[in-house]
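Breakdown of the fold
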Amino acid sequence: MTKAIFILGTDTDVGKTVISAGLMYQFLQKGHNACYFKPISSGAIEKEGELFSYDLSFVKKVSGLDEEDDRINPFRYKTAVSPHLAARMEKKKVDIPAIVETYKQLKAQYDVLIVEGCGGLAVPLTEEGYMQYELIKELDISCFLVTKTTLGTINHSYLTCKMAEQLGIKIEGLIFNNYRGSFLENDNIKTVSKITQLPVLAVIPAIEALQVENLEAGNLKEVFTQFNFMKIQEIEDPRDSTGRIEI
Ligand SMILES: Nc1ncnc2c1ncn2[C@@H]1O[C@H](COP(=O)(O)OP(=O)(O)OP(=O)(O)O)[C@@H](O)[C@H]1O
Ligand SMILES: [Mg+2]
């Protein structure tokens, strides 16, 4: 059965593309028949009359994935705004049934499917207000939550996990990105894992020279080689016998 995973962020710019690229690289290196799917991207640039998405190009460059851009990134917008607004401004509707259909086809074709979302859970994907969490539910897919290590991450991570839980969306674990090793970050990672009761799947360091926008990967591939994403680390259940969480 295909393992499909939705790369969800607590926000935009948290590193979903970087993590997707690293995961894709790992899976393809290990010989899996893996594919990346980014249904909607905004902030694309125009080159020779074609819209070019940084996310897709970066993932392809790092991992070596060979698939048609229009198939794995069907809705591409120039304006770097929420999809519902980009669709209105650029007069190109997001077609959710088409996304669901492509997802099903990719899932049937590949062994591993990495789906990158747009920003966080509560992002409107269409002008009619169809939300990203509705798409996750419709795809019936579980998520890895990519989050920051810095100040604010406790609140953003907790709220995302609580909302997911209430919606019946499964978050398999946390990926902390852009880690620089400070005392605050160490405590944030520990605290988020405890209060969300989710395992930490990986802590990805800040990588020098990495820039998605310039298709510069730095030593991203080496960093990901050190992590075994196929083996999800279990952490101890942080609740005590009374059900409380001790921080
Ligand atoms: N571990 C890292 N080390 C250094 N730079 C990073 C790291 N992770 C992400 N970045 C940088 O942060 C920016 C945002 O990363 P990325 O594009 O992966 O975020 P995103 O969550 O996919 O954003 P979007 O919501 O636009 O899709 C990029 O400029 C990227 O180069
Ligand atoms: Mg991205």
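Each chain carries its own residue numbering, running from 1 in the written order of its sequence. For naming, the first written chain is A and the first written ligand is 1, with later ones following in the order written. Two thresholds apply to this predicted model, a pLDDT of at least 70 for residue-level local features and 80 or more for giving and counting side-chain atom pairs, whereas whole-chain, interface and lining totals are computed over all residues. With hydrogens and water set aside, each side-chain value is computed from the structure's full complement of heavy atoms.

Things to note about the UniProt feature "active site" (unreviewed entry) in the protein chain
UniProt positions are given in the numbering used here, feature names are shortened, and annotations may be inferred rather than shown by experiment. UniProt feature "active site" (unreviewed entry): in the numbering of this structure it lies at Lys-38. The topology assignment puts Lys-38 in the loop between β2 (34-37) and β3 (40-41). Contact definition: two residues touch when any of their heavy atoms are within 4.5 Å. Look past the residues within four positions of Lys-38 in its chain and what remains in contact with it is Asp-55, Ile-72, Asn-73, Pro-74, Glu-116, Gly-117 and Cys-118. Runs of H or I in DSSP of at least four residues are treated as helices and runs of E of at least two as strands, each being numbered from the N terminus.

What to know about the coordination of the magnesium ion (ligand 2)
The donor set covers N, O and S atoms within 2.8 Å of the metal, switching to 3.2 Å for Na, K and Ca, and it leaves out water, so a site may look short of donors. For the magnesium ion (ligand 2), every protein donor is listed as Thr-17 (OG1), Asp-55 (OD) and Glu-116 (OE), and the spread of their distances is 2.0 to 2.2 Å. Along the chain, the residues that donate to the magnesium ion (ligand 2) are spaced as T-x37-D-x60-E. With a gap of 61 residues between them, Asp-55 in helix α2 (residues 54-63) and Glu-116 in strand β7 (residues 112-116) connect regions that are remote in the sequence. Exposure is judged per residue with a 1.4 Å probe applied to protein chains only, and the accessible area is read against the type maximum: over 50% gives exposed, under 20% gives buried, and values in between give partly exposed. Owing to a relative accessible area of 2%, Glu-116 belongs among the buried residues under this scheme.

Some points on the pattern of salt bridges
Salt bridge criterion: a side-chain nitrogen from Lys or Arg within 4 Å of a carboxyl oxygen from Asp or Glu. Considering all chains together, one arrives at ten salt bridges under this definition. With a closest N to O distance of 3.1 Å, Lys-3 and Glu-172 form a salt bridge. With Lys-3 in strand β1 (residues 3-9) and Glu-172 in strand β9 (residues 171-179), this residue pair connects regions lying 169 residues apart in the sequence. Classification of Lys-3 by relative accessible area gives partly exposed; the value is 42%. Accessibility expressed as a relative area gives 14% for Glu-172, which makes it buried. The salt bridge partner of Glu-127 is Arg-88, with a shortest N-O separation of 3.7 Å. Pair noted here: Glu-127 is in the loop between β7 and α6 (132-139) and Arg-88 is in helix α4 (residues 83-90), with a separation of 39 residues, a long-range link. Owing to a relative accessible area of 34%, Glu-127 belongs among the partly exposed residues under this scheme.

Some words on the side chain of Thr-196
Looking at the secondary structure, you find Thr-196 in helix α8 (residues 183-196). You can call Thr-196 buried: its relative accessible area is 12%. Of the polar contacts made by the side chain of Thr-196, one reaches the backbone oxygen of Val-192; its length is 2.6 Å. Excluding its chain neighbours within four sequence positions, the residues that come into contact with Thr-196 are Ser-157, Tyr-158, Cys-161 and Leu-174. Polar contact criterion, stated in full: a pair of N or O atoms within 3.5 Å, where within protein one must be able to donate a hydrogen and the other to accept it, and residues adjacent in sequence count only if both atoms are side-chain atoms.

Regarding the packing of helix α1 (residues 16-29) against α2
One can describe the packing of α1 onto α2 by two numbers: an axis separation of 8 Å at closest approach and a directional angle of 30°. The pairing of α1 with α2 is recorded here as roughly parallel in orientation. Note on packing geometry: the crossing formed by α1 with α2 is right-handed. Judged by residue contacts, Thr-17, Val-18, Ser-20, Ala-21, Met-24, Tyr-25 and Leu-28 of α1 engage Asp-55, Phe-58, Val-59, Val-62 and Ser-63 from α2. Note on geometry: axes are C-alpha line fits, over the in-contact stretch for helices, and angles between N-to-C directions span 0 to 180 degrees. Angle categories: roughly parallel below 35 degrees, roughly antiparallel above 145, roughly perpendicular from 65 to 115, and oblique for all the rest. For any pair of crossing helices, the crossing counts as left-handed if the nearer helix is rotated counterclockwise from the farther one by less than a right angle, and right-handed if it is rotated clockwise.

Quick look at the packing of aromatic side chains
Any two of the Phe, Tyr and Trp rings considered here, Trp counted by its six-membered ring, make a pair once their centres fall within 6.5 Å; the pair's planes then place it as stacked at under 30 degrees, edge-to-face at over 60, or tilted in between. Using the criterion set out here, one finds one aromatic pair in the structure. Ring plane angle 80° and centroid distance 6.2 Å describe the contact between Phe-52 and Tyr-54, whose orientation is recorded as edge-to-face. Among the residues examined, Phe-52 registers a relative accessible area of 21% and is labelled partly exposed. You can call Tyr-54 partly exposed: its relative accessible area is 23%. Only Lys NZ and Arg CZ are tested; either one counts as a charge over a ring when it is within 6 Å of the ring centre and within 35 degrees of the ring normal. Above the ring of Phe-52, the side-chain terminus of Lys-47 is found at 4.4 Å from the ring centroid.

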